[in-house]
Each structure stands twice: as structure tokens, then as C-alpha cells.
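Remarks on the overall topology
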Amino acid sequence: MKKFNTQAPSSTSSSRLMYALLAILLVVMAGCSGLRLAYNNGDTVLYWWLNAYVDLDRDQKGWVRDDIDKLFDWHRKTQLKDYVEILRTGQKQLQGNATQADLLADYSEIKQRTQALLLKAAPELADLARSLKPEQIAQMEKKFKSNNEDYRKKYLSGDHEKRQKLRYKKAMEQFELWFGSFSSEQEALIRKASDARPLNNEIWLDERMRRQQNVLSLVKKVHQEKLGKEATVTLINTLIKDSFERLEHSERKAFFDAYESSTAQMVMTVIKIATPTQKAHAVKRMQGWIDDFNSLATQAK
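In this report, the structure presented in the accompanying data block is examined. (Residues numbered from 1 in each chain as written. Predicted model: local features only at pLDDT ≥ 70, side-chain atom pairs only at ≥ 80, totals over all residues. Heavy atoms only, no water.)

1. Topic: the packing of aromatic side chains
- Following the criterion strictly, the structure yields 13 aromatic pairs and no others.
- Ring geometry for Tyr151 and Tyr155: centres 4.8 Å apart, planes at 40°, overall tilted. In this pair, Tyr151 and Tyr155 are both assigned in helix α7 (residues 134-155), four residues apart and thus about one turn of the helix distant. An identical accessibility class is assigned to Tyr151 and Tyr155; each is buried.
- Ring geometry for Trp289 versus Phe293: centroids 6.2 Å apart, planes at 90°, classification edge-to-face. Note that Trp289 and Phe293 are positioned in helix α13 (residues 276-297) at a spacing of four residues, about one turn of the helix. One exposure class covers both Trp289 and Phe293, and it is buried. (Phe/Tyr/Trp six-rings, centres within 6.5 Å; stacked < 30°, edge-to-face > 60°. Helix = DSSP H or I, 4+ residues; strand = E, 2+ residues; numbered from the N terminus. Buried < 20%, exposed > 50% of the residue type's maximum accessible area, 1.4 Å probe, protein only.)

2. Some points on the side chain of Gln278
- Its location among the elements puts Gln278 in helix α13.
- A relative accessible area of 6% places Gln278 in the buried class.
- In this structure the side chain of Gln278 is engaged in a polar contact, spanning 2.9 Å, whose partner is the side chain of Gln186. (Polar contact = N/O pair within 3.5 Å; in protein donor to acceptor, adjacent residues only side chain to side chain.)

3. Regarding helix α10 (residues 201-225)
- Between its terminal C-alpha atoms α10 stretches 36 Å, which fits the 36 Å expected from 25 residues at 1.5 Å a residue.
- Of the positions making up α10, those classed as buried are Asn201, Ile203, Leu205, Glu207, Arg208, Gln212, Val215, Leu216, Leu218, Val219 and Val222. (Expected span 1.5 Å × (residues − 1).)

4. Examining unusual backbone geometry
- Of note in the backbone geometry, Asp55 takes a positive phi value of approximately 55° without being a glycine.
- Residue placement: Asp55 occurs in the loop between α3 (42-54) and α4 (58-78).
- With a phi angle near 50°, Lys226 is a residue other than glycine that sits in the positive phi range.
- Mapped onto the elements, Lys226 comes out in the loop between α10 and α11 (229-249).
- Residue classification places Lys226 among the partly exposed positions, given a relative accessible area of 43%.

5. Re the nonpolar core
- Counting residues in hydrophobic clusters, the biggest one holds 62 residues, and the most contacted among them are Val64, Met140, Phe175, Phe179 and Phe293.
- Leave out the neighbours within four places in its chain, and Phe179 touches Leu94, Val270, Ile271, Ala274, Gln278, Lys279, His281 and Ala282. (Core = buried A, V, L, I, M, F, W, Y, C linked by side-chain atoms within 4.5 Å. Contact = heavy atoms within 4.5 Å.)

6. Quick word on the pattern of salt bridges
- All chains considered together, the criterion is met by 19 salt bridges.
- Taking the shortest distance from any N to any O, the salt bridge between Arg191 and Glu161 comes out at 3.0 Å. Note that Arg191 is positioned in helix α9 (residues 184-195) and Glu161 in helix α8 (residues 160-179), a separation of 30 residues in sequence.
- Relative accessible area serves as the criterion here: at 18%, Arg191 is assigned to the buried category. (Salt bridge = Lys/Arg side-chain N within 4 Å of Asp/Glu carboxyl O.)

This is the structure:
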């Protein structure tokens, strides 16, 4: 990536970019029947997402695209084979006797893979951070506020029942993607397991805003102290690690642990009540992903 002097450094929405990477490489794919197509267009999606946050100028657009291309190429070469192994483990668990401990271990593995991806991107994030102008930082802050308002409208409106129903609906979209359709009796059991999860959207919004404030603090520090690349990389790495470690070491650990445990229990409920046909549907879906990941891994430049 192009190097910059330290005369007018700024910072970036680094934390938001981290979550965008995760969303595009993992979550978005989970909702797409054509994983290969989604992945092959992921670099373009990430570029336009980032541009919406900071409004890249003419000079930035070229090397930002190049850096995103390099990140995806690294990901193809080094990470996709590991994803294949995770999916193969999932297939075995579905066909055997999966436990809640198995699911939590799978979740931990995915978190580790995600963190590795974000840390890999830290040097490029630092270059981008130091290139941003004050008006781009203002655009980032404006986007944060807009997104928070959207979150409030969607997840903080209505009574407890409405919020429970919305959360259940989102979970069912994922379960139906993997297992196909469910009977009304199965849906009732899944709804019960979904509602058993602690519900506090105010906490999730507060955590979201906490991350944003951390990013803005980083912005101010880099801008005011005119930090060089090495120091900026250090700040970004710390931000990444702290974001992951917060789940384990925050004052809300009890809530996070309860949510994680009850979510795993909900997934266990789905696995236990799934028919052989539904499980076969999930195994086939995973095999499709395995085949796609293997194919994508061979397409690295």
C-alpha cells in the first residue's frame, strides 16, 4: 500500500471495517445459496461498504482496491482449507452425537479464524487510517449515528413479545437455510428455545456504541499525535484483541456467557428434533460449501 508522511495523519473506522470483513466473509455467505458467487464479489462489496463510511477520494480508491484484492488472495491461499475442515467437523457432528461443548468449540474456532483475518489486515488499515482527512472522519461518525438510529428503530421498538418474535424470525431464516422447512411442532420447540435466550437489545446497542467510541478515541489519538504507521498498527491490533477479549473480561460477562450458552442450547434443540431428511439437507449444504471453498482456494493469484 502507498506510504504516507505524518504531516496530516488521521484514522479510520477500523473496528467497523473489521466487522465488515467478518460479515462479508462469513455471515453474508451464510445467507447466500451461491457461496462462490458471494465470495468472488466480496472484494467489491467490501470496497463499496468502506466507501459509504469514509467517502474515499480519487487517490485512495486505487490502492484501497489493491489492498482488498491482496487480502482476499491471502485468505484464499491460507484460510479456506481450514474452513473446509471446520465444515467437515460439522458434518460429522450432525451425523453423530453432537454436544453443546462441540458447538461452543466450533464457535471458538470461528472466532480465532476471524481474529487472524482482522490482524492480517491491520497494516493496511493503518495505512488507510493515516490517509483519511478530517471530513472523512466526520463522515464516519455521521454513519455511526445513522446506523444506531436504524438499530433503535428495528430492535428497540415494540414490546418484549415483538422483540422476541423478531429475534426468532431471524434465527429461523438461518435454520431453514441449513435444514429446510420445519413442521409447526418443530417450530414451536425452536421458538421456546429462542425465547429462553436472555433478551436485552439495549445492551447490544450500548456495546455497539462502546466500540464506536473506541474507534473515535483512536481517531483522535492518531490525528492529534501524528502517529506513524508502526504506532498506528499497534493501536489497531490492541483494538482488535480487546474487542474479542471483552466477551471474556467485561462487567457483562455473565450476560454474554448466558447468551452464548443458551444460543448453543437452541442449536442443540434444532439438531435433536431434526429428521434424518433435514439433517441430510444440512450435510448436503455443508458439502456444497466444502466444494466451493476447495474450488475458491485453487483460484488464488
